[in-house]
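Geometric and topological summary
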Amino acid sequence: MKKIIPFLLAFISLTSCSDFLDESPRDQIDESQVYTSSSQLYLNTVATLYNYIGGYSQSQGLQGTYRGVYDLETFTTDEAMIPTRGGDWYDGGYWQSLFLHTWTANDESLTDTWNYLYKVIVLSNRSLEKLQQYTSLATPQELLAWQAEVRAVRALYYYYLLDLFARVPIVTSSTVPLSAVQQSRRSEVFRYVTDELQEVLPLLPLKASQQLGEYYGRLTRPVAFFLLSKLALNAEVYADDDWTDTVSLSGDKIFFKVGESHLNAWQTCWAYADSLEACGYELAQHFADNFAVYNETSSENIFTIPMDPASYTNQMQNLFRSYHYGHASAYGFTAENGSSATLEALETFSYGTDQQDARFAQTYYADRVTDLNGQPIVLQNGDTLQYYPLDVQLVLTGHPHQATAGARMKKYAVDPTATKDGKLMNNDIVLFRYADVLLMKSEAKVRSGESGDVELNLVRQRAGMEPLAATLSTLLRERQLELAWEGWRRQDLVRFGQYTRAYSDRPQLTDETNGYTTVFPIPQNLVAPTGAFTQNPGY
């Protein structure tokens with residue numbers, strides 16, 4: 001596997017929310033030593049950006065770390081929670097605030113996530129400027145391709161800002177002062193991201209990103225197809241500039257130009273899904289293949305975070321966070337005994353019934369668990385480890401199963417050679433995969449008034465489940481069955497209008513019926529009168 005070396009950009013950091021557009025190099029290599037050849041130009045403008053897709057410190061990376069994009073998309077939903085277990089996992093009420101939707105504009109994790117996303121955007125802007133500055137080092141064809149790749153990376157990060165914060169500034173220069181930056185409407189950000197991806201699409205390599213080789217971990221044309229399909233599917237949400245007035249455009253009234261065709265949002269989602277099929281993506285033979293150790297051969301994964309303890313510093317902390325201490329010890333790791341499935345998730349999977357979904361056992365550890373040799377795990381007190389899924393609740397302090405309530409994250413196969421308590425493993429972290437594409441296409445068809453049965457049941461058949469008629473209800477359920485722990489639940493619930501409803505241990509907040517919590521607040525440091533922006537409604 002290739003290791004990407006960040007060189008001079010490794011020394012760039014962002015110091016505070018109010019300085020989120022500023023570069024603050026603590027050290028810097030002279031450019032004359034760096035930009036000396038075509039390969040060095042590529043390495044220091046394009047390749048270096050991929051160091052930030054994954055992460056190892058808090059709020060950094062798109063998945064694998066704490067208090068960042070993944071946690072905001074997962075632990076604010078009915079899919080998963082991190083219960084308070086005595087003195088563990090209270091953390092000033094942070095995890096409870098995510099689940100209860102009681103976060104505020106002063107929450108540090110929101111500021112850190114905002115800064116992380118803009119850090120990569122600022123670095124992308126700088127890369128584009130360097131490519132323009134050092135044109136003599138590359139051919140015109142190389143420059144066009146590299147500029148397209150950087151713009152695609154930048155669009156990816158704007159996509160996450162759009163999804164989380166909605167009304168964000170569009171910044172295309174690395175030197176623009178905050179005083180000159182204007183906050184954009186959500187619909188403007190949506191169109192900007194879509195237009196950028198469509199413009200660069202023909203210039204991106206039509207290559208697989210998830211497989212070892214020159215394009216491993218890069219933003220190639222299939223990755224852009226996926227993003228464009230996802231943007232179109234969420235068009236009703238992303239085109240809505242006032243999400244608290246209960247009025248929005250219908251997807252069949254939101255149009256895009258795709259090639260020579262003028263398509264509505266549902267047709268656009270469908271068209272880009274078909275483009276991915278034409279690229280050769282298909283469901284892996286087995287659901288678990290996508291999350292196996294050395295899963296680079298998956299025919300289904302589209303975009304992943306490369307993982308290799310010898311070559312990358314990216315970490316997968318989600319499993320480490322979920323295992324009971326004794327469970328991890330049986331694998332030779334340590335753990336933090338935290339995240340668990342909610343009662344709603346258990347109900348969706350029909351846990352403990354004759355109709356239990358076949359994917360439950362591949363997604364969760366529940367009931368008695370065994371070590372890698374299939375032997376029961378015995379705790380230090382002599383008891384056999386057993387999880388109690390149905391005993392989960394937000395506050396478990398004093399509960400008889402305080403330490404063992406809740407079904408735990410499984411999904412990724414255990415890598416016995418992993419280091420750093422299992423966080424440095426050889427299973428690439430899956431961001432985008434083809435099963436999601438099939439479910440998106442099915443949903444787009446249903447929203448168009450057509451049958452999405454074929455696509456839905458391809459996914460169900462692979463899982464060994466009986467066919468169902470595709471409806472919005474069955475599709476939302478299927479998305480959780482197929483995509484649990486993959487960071488899609490918040491977006492799905494918002495799109496289906498169910499994000500603000502009450503569920504176990506989470507009452508609906510006062511005024512939440514207007515949907516204000518479907519968007520996170522702008523970090524308070526940036527809000528007038530001391531900052532440059534206005535706050536999102538409801539905060």
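Above this text is the structure in question.
Presented here is a report on the structure given in the accompanying data block. The model shown is predicted, which means the values in this text are computed figures rather than measured ones. (Residues numbered from 1 in each chain as written. Predicted model: local features only at pLDDT ≥ 70, side-chain atom pairs only at ≥ 80, totals over all residues. Heavy atoms only, no water.)

**Quick notes on the overall build of the protein**
- A tally of helices and strands in the protein yields 17 helices and ten strands.
- Here the protein has a C-alpha radius of gyration of 23 Å; the compact-globule value for 539 residues is 24 Å, and the two agree.
- Taken along its principal axes, the extent of the C-alpha atoms in the protein is 70 × 50 × 50 Å.
- Counting all 539 residues of the protein, 60% fall into the buried class.
- Of the roughly 20000 Å² of accessible surface on the protein, a fraction of 49% belongs to carbon and sulfur atoms.
- Placing the 41 positive and 63 negative side-chain charges of the protein at their respective mean positions leaves the two points 2 Å apart. (Helix = DSSP H or I, 4+ residues; strand = E, 2+ residues; numbered from the N terminus. Rg over C-alpha atoms; globule rule 2.2 N^0.38 Å. Buried < 20%, exposed > 50% of the residue type's maximum accessible area, 1.4 Å probe, protein only. Areas by Shrake-Rupley, 256 points an atom, 1.4 Å probe, with all protein chains shown as cover. Lys, Arg positive; Asp, Glu negative; His and termini not counted. Charge placed at Lys NZ, Arg CZ, Asp CG, Glu CD.)

**A closer look at unusual backbone geometry**
- With an omega dihedral of 15 degrees, the bond running from A528 to P529 counts as a cis peptide bond.
- Turning to its location among the elements, P529 is positioned in the segment after α17 (489-495).
- Within the chain, D421 stands out as a residue other than glycine whose phi angle is a positive 60 degrees.
- Along the chain, D421 falls in the loop between β9 (408-409) and β10 (429-433).

**Let's talk about the nonpolar core**
- Within the largest apolar cluster, 158 residues are counted, with the highest numbers of intra-cluster contacts made by L62, W114, Y118, L156, Y157 and F432.
- The contact partners of Y157, leaving out residues within four places of it in the chain, are Y52, I53, L62, Y116, L117, V120 and I121.
- If you look at the next biggest cluster of nonpolar residues, it comprises six residues, including F99, L100, V392 and L394. (Core = buried A, V, L, I, M, F, W, Y, C linked by side-chain atoms within 4.5 Å. Contact = heavy atoms within 4.5 Å.)

**Examining helix α4 (residues 108-133)**
- In a regular helix each residue adds 1.5 Å, so 26 residues correspond to 38 Å; α4 covers 37 Å between its end C-alpha atoms and thus fits that length.
- Most of α4 is tucked away, with 21 of its 26 residues classed as buried. (Expected span 1.5 Å × (residues − 1).)

**With respect to the pairing of β10**
- By the criterion of burial, β10 is predominantly enclosed, with five of the five residues buried.
- Pairing analysis gives four bridges linking strand β4 (residues 301-305) to β10, with the strands arranged antiparallel. Across the sheet, N301 pairs through a bridge with R433, a residue of β10. (Pairing = 2+ DSSP bridges.)

**As for the packing of helix α7 (residues 221-233) against helix α14 (residues 434-447)**
- The interhelical angle for the contact between α7 and α14, taken along N-to-C directions, is 35 degrees, at an axis separation of 11 Å. Every pair of crossing elements has a handedness; the one defined by α7 and α14 is left-handed. Here α7 contributes F226, S229, K230 and L233 to the contact with α14, which in turn contributes D436, V437, M440, E443 and A444.
- When the residues that make up the contact of α7 with α14 are grouped by side-chain class, the tally is five nonpolar, one polar and three charged. (Axes fitted to C-alpha atoms, helices over the stretch in contact; angles between N-to-C directions. Left-handed = near helix turned anticlockwise from the far one by under 90°. Nonpolar A, V, L, I, M, F, W, Y, C, P; charged D, E, K, R; others polar.)

**Focus on helix α5 (residues 140-165)**
- With 26 residues, α5 should cover 38 Å at 1.5 Å per step; its first-to-last C-alpha distance of 37 Å lies within 8% of that length.
- Counting buried positions along α5 yields 19 of 26 residues, so the element is predominantly enclosed.
- Directly after α5, the chain includes A166, whose backbone phi takes a positive value near 70 degrees.

**Let's talk about the state of the cysteines**
- Enumeration over the complete set of coordinates arrives at zero disulfides.
- Take C269: it sits in no disulfide, and the sulfur closest to it among the cysteines is that of C279, at 15 Å.
- A relative accessible area of 0% means that C269 is categorised as buried.
- On the accessibility criterion, C279 (30% relative accessible area) is partly exposed. (Disulfide = S-S within 2.5 Å.)

**Concerning the packing of α5 against helix α6 (residues 186-200)**
- Where α5 contacts α6, the two axes come as close as 9 Å, and the packing angle between them is 155 degrees. Judged by the angle between their axes, α5 and α6 are roughly antiparallel. Taken as a pair, α5 and α6 cross one another with a handedness that is left-handed. Side by side, α5 and α6 meet where A148, R151, A152, R154, A155, Y158, Y159 and L162 of the first sit next to R186, V189, F190, Y192, V193, E196, L197, E199 and V200 of the second.
- Class assignment of the residues belonging to the contact of α5 with α6 gives a composition of twelve nonpolar, no polar and five charged. (Parallel < 35°, antiparallel > 145°, perpendicular 65-115°, else oblique.)

**Structural notes on the environment of L72**
- As for its position among the elements, L72 is in helix α2 (residues 69-74).
- The exposure class of L72 is buried, given its relative accessible area of 1%.
- Separated by 279 residues in the primary sequence, L72 and Y351 place their C-alpha atoms 26 Å from one another.
- If we ignore the near neighbours within four places in the chain, the residues touching L72 are Y94, L98, L110, T113, L164, R490 and F520.

**Observations regarding the side chain of T518**
- Structurally, T518 is set in the segment after α17.
- The exposure class assigned to T518 is buried, which follows from its relative accessible area of 13%.
- For T518, the side chain forms a polar contact with the main-chain oxygen of G515, separated by 2.6 Å.
- Setting aside chain neighbours within four positions, we find T518 in contact with W243, R490, V494, Y499 and T500. (Polar contact = N/O pair within 3.5 Å; in protein donor to acceptor, adjacent residues only side chain to side chain.)

**Describing the packing of aromatic side chains**
- Using the criterion set out here, one finds 32 aromatic pairs in the structure.
- Note on F349 and F360: the rings are 5.8 Å apart at their centroids and 65 degrees apart in plane angle, and the pair reads as edge-to-face. Of the two residues, F349 sits in the loop between α12 (343-348) and α13 (360-363) while F360 sits in helix α13, which places them eleven residues apart along the sequence.
- Here F360 falls in the buried class, since its relative accessible area comes to 3%.
- Positioned above the aromatic ring of F256, the side-chain terminus of R191 is 4.4 Å from the ring centre.
- In this structure, R490 is placed above the aromatic ring of Y499, and the distance from its NZ or CZ to the ring centre is 5.9 Å. (Phe/Tyr/Trp six-rings, centres within 6.5 Å; stacked < 30°, edge-to-face > 60°. Lys NZ or Arg CZ within 6 Å of the ring centre and 35° of its normal.)

In short, geometric facts, not functional conclusions.
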